Structure formats: structure tokens, C-alpha cells
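Secondary and tertiary structure notes
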Amino acid sequence: MTVFPVQISWDEKLSDKESEPYQQLSYEAVKAIDSAFSMTPFSDDFVSGSVDSIVRGGPQHPGVYVNFTVLLSETPETVRPAVAGDIHQHLVGVIRRRSNNVGASALWVTPEGSVINVRDVDECSSPDLNDCHTLATCTNTWGAFKCTCPNTTLDPAPVASRAGRECRSCAASHCSDRGLCHYNNGQPYCTCSSGYYGSTCEMDGEVIGVSVGASLAAALVIAITLAALLSWSRKWSREQKALGMGSPVFSFMAANTIKTPPVGQPPYQVTLEERMRWAQIAEAMVQANHYAGDPSQSVATRPSSAMFGYPTLPPVPLPRSDILCG
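This text gives an overview of the structure that appears in the document. Everything numeric in this text was worked out from a predicted model, so none of it was measured. (Residues numbered from 1 in each chain as written. Predicted model: local features only at pLDDT ≥ 70, side-chain atom pairs only at ≥ 80, totals over all residues. Heavy atoms only, no water.)

**Overview of the overall build of the chain**
Our working definition: We count a stretch as a helix when DSSP gives it H or I for four or more residues in a row; a strand needs E for two or more, and each element gets its number in order from the N terminus. Residue burial is assigned from relative accessible area. The probe radius is 1.4 Å, only protein chains are included, and a residue is buried under 20% of its type maximum, exposed over 50%, and partly exposed in between. By definition, residues are in contact when any of their heavy atoms lie within 4.5 Å. Calculation of accessible area relied on Shrake-Rupley with a 1.4 Å probe; when residues are assessed, cover is drawn exclusively from the protein chains displayed.
Across its full length, the chain carries six helices and eleven strands. By the burial criterion, 20% of the 326 residues in the chain qualify as buried. Pairs at least 24 apart in sequence give 42% of the contacts found in the chain among residues at least 6 apart. Carbon and sulfur atoms make up 58% of the accessible area of the chain, which amounts to about 23,800 Å² in all.

**Overview of helix H2 (residues 83-97)**
To be explicit about the condition: To estimate the expected span of a helix, count its residues, drop one, and scale the result by 1.5 Å.
Here H2 contains 15 residues, and its C-alpha end-to-end distance of 21 Å stays within 8% of the 21 Å for a straight helix at 1.5 Å per residue. All of the buried residues in H2 are Val83, Ala84, Ile87, Leu91, Val92, Gly93, Val94 and Ile95. Along its buried surface, H2 packs onto helix H1 (20-37) and strand S4 (64-72). Count one or two residues on from H2 and you reach Ser99, which has phi positive near 60°.

**A few points about unusual backbone geometry**
Phi at Ser176 takes a positive value of approximately 60°, unusual for a residue other than glycine. Secondary-structure assignment places Ser176 in the loop between strand S7 (144-148) and strand S8 (179-184). Within the chain, Cys201 stands out as a residue other than glycine whose phi angle is a positive 55°.

**Remarks on the packing of aromatic side chains**
Here is the rule: Two rings belonging to Phe, Tyr or Trp (six-membered ring only in the last case) form a pair when the distance between their centres is within 6.5 Å. Interplanar angles under 30 degrees mark stacking, angles over 60 mark edge-to-face geometry, and anything in between is tilted.
Using the criterion set out here, one finds one aromatic pair in the structure. For the ring pair Phe37 and Phe46, a centre distance of 4.9 Å and an interplane angle of 20° mean the geometry is stacked. For the pair formed by Phe37 and Phe46, the shared burial category is buried.

**Description of the nonpolar core**
Rules: For our purposes a nonpolar core is just a set of buried Ala, Val, Leu, Ile, Met, Phe, Trp, Tyr and Cys residues, chained together by side-chain atoms within 4.5 Å.
Core analysis: the largest hydrophobic core is formed by 25 residues, its most contacted members being Leu25, Phe37, Ile54, Ile87, Leu91, Val102 and Leu107. Counting residues per element, the ones that place at least two in this core are H1, strand S3 (46-56), S4 and H2. Ranked by residues supplied to this core, first place goes to H1 with seven residues. Ignoring sequence-local partners within four residues, the contact set of Val102 consists of Ala32, Ile33, Ala36, Ile95, Leu107 and Val109.

**Here we look at the pattern of salt bridges**
Oppositely charged side chains can pair when the atoms bearing their charge come close. Note the following rule: In the sections that follow, a salt bridge refers to a side-chain nitrogen of Lys or Arg positioned within 4 Å of a carboxyl oxygen of Asp or Glu.
On inspection of all chains with the given rule, the structure shows five salt bridges. A salt bridge links Arg80 to Asp86, with the shortest nitrogen-to-oxygen separation between them at 2.9 Å. For Asp86, a relative accessible area of 23% translates into the label partly exposed. Across the pair Arg168 and Glu166 runs a salt bridge, and its minimum N-O distance is 3.0 Å. Each of the salt bridges in this network shares a partner with another, and the network as a whole consists of Glu77, Arg80 and Asp86.

**Description of the side chain of Asn101**
Secondary-structure assignment places Asn101 in the loop between H2 and strand S5 (107-108). Overall, Asn101 belongs to the buried group, its relative accessible area being 4%.

**A few points about the environment of Gln23**
Along the chain, the position of Gln23 falls in helix H1. Taking the C-alpha atoms as reference, Gln23 lies 9.7 Å from Val51; in sequence the two are 28 residues apart. When sequence neighbours within four positions are dropped, the list of residues in contact with Gln23 reads Lys17 and Glu18.

**Comments concerning the state of the cysteines**
The cut-off we apply is this: By definition, disulfides here are pairs of cysteine sulfur atoms that lie within 2.5 Å.
Following the criterion strictly, the structure yields six disulfides and no others. Two residues, Cys132 and Cys147, share a disulfide whose sulfurs are 1.7 Å apart. Note on the Cys132 and Cys147 pair: the S-S dihedral is about -75°, so by sign convention the disulfide is left-handed. Taken together, the residues Cys132 in the loop between S5 and strand S6 (137-141) and Cys147 in strand S7 connect sequence positions 15 residues apart. For Cys147, a relative accessible area of 6% corresponds to the buried category.

This is how it looks when you write it as C-alpha cells:
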């Protein structure tokens, strides 16, 4: 290898990235590769290049070699495994056409073994070689890599080629800080801690248990009260019915309705049988004393005759049934 007009021989300083020989050769190598790619069909896909290390060649390939990483745009053409052979072939062709000059640079090489091989770089081997999110999984592919967010996170990438660059976790506050939040098909879901329920773990199981227990107790009290009221109502109805049926007056009134003559007809005449029946009712009322008040609570409503010196009047005899019949 020659950096015109100086022939490059192996020096231990070339293994030190801070040394002047290493930095000078790295600078010339970057310019040379950039120029060489501009003369190949990959000129539009070439993005940049960087020197990884400078090493000493072995017995089969003596000399000084520069390990160089080339960054190409991700296209259907550059992600083919066969692209490595194509790059190797085109770079060797450029060197031969320019008489061992690597592009339009000051770097000259021998055509035999100038480009040993082109291999894929595992970008997932170091975080410095990929931009996947810390939660994403990096998968190496030929000439590129893929980032995949966990299923429990949300990937807001607008296009598939940028997937895995941001993996959004679900905040615990979405689950009321009572469970684990995760995404499923882009929607947040909660796995509630023991004793909590609801889509966002908003319901406390203990509070629900107490509320349900209180509601059941209240319903039981209401049911017992209604049953007691119904039983008392039936008993009261039976007592009232029995009281009404035991009185000859009320039983007669319940069994007989007042007859009203049709409009324009003369009033009904009271028959002898009806008079006898009313006489029997009157006698029964006297004996039953339906209208007598409670003797313990009786109060005189008018002064007696003796109080004012009036003579005591004899009792008025009640009319007899034979008088009514006559």
C-alpha cells in the first residue's frame, strides 16, 4: 500500500488509533473509498464509510490492510446476500481501470489481494452500530438490521422500516396504580392486582363485597317487613269481616239493598212482612244496645230533673209489635 509517494510498511503505531500514522492513513482511506464507490453502480446507494482498524497482513496476504465499514441505503438491491460479491467485483474493477489507484485519491494498492472480501457487519453486536430502542429486539440481516418492539409495548413508527426505534410502555396510572399495564394490538390493557377489578382496576373488591352484603341485608329486611305487613293486613281483614257479620243490623243491611222505584212510578208500599222485620231489628238493637256509650266514659249531656226540682217522670213504654200490627 502506498500513500503517494510514500510506501506504507507495517508499524506498531498503526494499531494505535490515537497515533498520527493511524489518523493519516485513515483519512486517506476514507477519501479513497468514497471516490471508488462513486465510480461503481452503487454510487447512489453509498452513504458514508469509516475505518474500523488497521491490521498487519498474514503470510498469504502480506502488507497493511484497512478494515473499512461502508454504509449503504437500504434498498431491495443492497439487502441481497449476493451484493457482497457485486461490491467486491466493482471495487477491484475500479482499481484495475485506474492502474492500482483507489479512485481519484492518493492511495495506491497492488491489484492482487487489494480487496480481500466483503462481509456483512453484525449491527446487533453493539449498541453503537444500531439505533434500536432499549426495549426492542435487534435482529441482524444482510447489510442491515431490524428492530422489533415487545408485544406489550406500542410502536408508533409510521413505516415498517423504522420499526423498533421507539417502544412506548403503558403508564401504571392507566390502571389506577393497581396493576400492570400493557398494550395489545395497539390498545392498553390492565392486569389488575389481587382484589381489584375493572378495565382500569378502578373497583376495589372489598368495597364491592361490603356494598353487596349491605344491599342483601337491606333487601332481606324489606322482604321481612312486607311479609309482616301482608300477614297483619290479612288478619285485620278477617277480624273486620267477622265483626261485620256478627251484627244482625249490619248483616241485614249487607244482604238487602234499598229498592228504588223506576222513574215515573209510585213509591213502594211498606208491606206487613217488612214492618215485622223492622220491628224485630229494633228489638234486637235494644237488646244489643249498639248505640250505648262506654259507661266508664259517659258524661251527662244535660242536667237531670232532680237537680232542678222537677218531678221524676215515669218511663215511656216502648210500642209493642201487636200495636204496630194493628
